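Tertiary structure, described
One letter stands for each residue in the lines below.
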Amino acid sequence: MLTLVLAESALETVPQSLWGHPAIVSHSRKWGKSPRHILLDRSYHHAAMKRLPQAYKRGRPDIVHFSLLEALGSPLNREGKLQIYVHTINDFTITVSPKARLPRNYSRFVGLMEQLFEVGRVPPKETPLLKLEQKTF
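Now for a look at the structure at hand. (Residues numbered from 1 in each chain as written. Predicted model: local features only at pLDDT ≥ 70, side-chain atom pairs only at ≥ 80, totals over all residues. Heavy atoms only, no water.)

Take the nonpolar core next. Grouped together as the largest cluster of nonpolar side chains are 24 residues, with contacts concentrated most on L68, I94, V96, L102, M113 and L130. Contributions of two or more residues to this core are made by helix 3 (61–72), strand 2 (82–88), strand 3 (92–96), helix 5 (106–119) and strand 5 (130–134). When residues in this core are grouped by element, the largest group, 6 residues, is from helix 5. Residues in contact with M113, not counting those within four places in the same chain, are L11, L39 and L130. Grouped together as the second largest cluster of nonpolar side chains are 9 residues, I38, L40, A48 and L52 included. (Core = buried A, V, L, I, M, F, W, Y, C linked by side-chain atoms within 4.5 Å. Buried < 20%, exposed > 50% of the residue type's maximum accessible area, 1.4 Å probe, protein only. Helix = DSSP H or I, 4+ residues; strand = E, 2+ residues; numbered from the N terminus. Contact = heavy atoms within 4.5 Å.)

Structure (structure tokens):
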């Protein structure tokens, strides 16, 4: 069994200190969600992120998306010999089931991650394919 850990991944919801920034407010209105429930993304929130500490290593959920797609599609994972964990910059850990099939479309992946950060597990009422816990490695 091989364990893959994506450490200090740039996957997080928008920090409270940025909720009032015009770029965040505009993006949250566009998607019809509260700023607390949207993912921080450098592509949309660059202007707001300039004042964040360690901004250079935050707001890149696209990297996590691509990495997870590659890992979950690998022959090693198909044989059930790969365990995947995503450790975020804010010390959350996402346990990814080998049976998970993530959306290939980035926008749908973002929606899935937003649900995960809001509820703590995906799917919410069945055996979780993705589980979020507050812990560090």
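Bringing the pattern of salt bridges into the picture now. In this structure the tally under the stated criterion is 6 salt bridges. Between K57 and E8 there is a salt bridge; the shortest N-O distance is 2.6 Å. Placement of the pair is K57 in the loop between helix 2 (42–49) and helix 3 and E8 in strand 1 (residues 2–9), with a sequence separation of 49 residues. The residue K81 makes a salt bridge to E79 at a minimum N-O spacing of 3.6 Å. We classify E79 as exposed; its relative accessible area is 53%. (Salt bridge = Lys/Arg side-chain N within 4 Å of Asp/Glu carboxyl O.)

Vacant regions in the atomic arrangement are exposed by a probe of water-molecule size rolled over the atoms. In this structure, the largest pocket encloses a volume near 180 Å³. Lining the largest pocket, in full, are H27, W31, K33, I38, L39, D41, Y44, Y106, S107, V110, G111 and E114. Among the secondary structure elements, those contributing two or more residues to the lining of the largest pocket are helix 1 (22–31) and helix 5. Considering every element that reaches the lining of the largest pocket, the biggest residue donor is helix 5, with 5 residues. (1 Å grid on protein atoms, 1.4 Å probe; cavity = no way out; pocket = protein on both sides within 12 Å on 5 of 7 lines; lining within 4 Å. Points joined across faces, edges and corners; volume = space filled by probe spheres on them.)

Compared with an ideal rise of 1.5 Å per residue, which puts 12 residues at 16 Å, helix 3 spans 16 Å between its outermost C-alpha atoms and is within 8% of the ideal. The complete set of buried residues in helix 3 reads P61, V64, H65, L68, L69, A71 and L72. Along the long axis of helix 3, the arc covered by the buried residues comes to 165 degrees, so they all point the same way. Contacts made by the buried residues of helix 3 are with strand 1, helix 4 (75–78), strand 2, strand 3 and helix 5. (Expected span 1.5 Å × (residues − 1). Arc of directions from axis to C-beta.)

As a further point, take helix 5. Since the α-helix packs 3.6 residues into each turn, any two residues three or four apart lie on the same face. With 14 residues, helix 5 extends 20 Å from end C-alpha to end C-alpha; this agrees with the ideal 20 Å at 1.5 Å per step. By the burial criterion, the buried members of helix 5 are F109, V110, L112, M113, E114, L116 and F117. On its buried face, helix 5 is in contact with helix 3, strand 2, strand 3, strand 4 (121–122) and strand 5. Between the side-chain oxygen at the start of helix 5 and the backbone nitrogen of S107 there is a gap of 2.9 Å, and the oxygen is on N105. (Polar contact = N/O pair within 3.5 Å; in protein donor to acceptor, adjacent residues only side chain to side chain.)

Viewed as axis vectors pointing N to C, helix 1 and helix 2 meet at an angle of 150 degrees, and their least axial separation amounts to 7 Å. When the interaxial angle is binned, helix 1 and helix 2 end up roughly antiparallel. Note on element contacts: helix 2 touches helix 1 through Y44, H45 and A48, opposite A23, I24 and H27. Residues belonging to the contact of helix 1 with helix 2 are distributed by class as follows: 4 nonpolar, 2 polar and no charged. (Axes fitted to C-alpha atoms, helices over the stretch in contact; angles between N-to-C directions. Parallel < 35°, antiparallel > 145°, perpendicular 65-115°, else oblique. Nonpolar A, V, L, I, M, F, W, Y, C, P; charged D, E, K, R; others polar.)

Shape descriptors only; they carry no functional weight alone.
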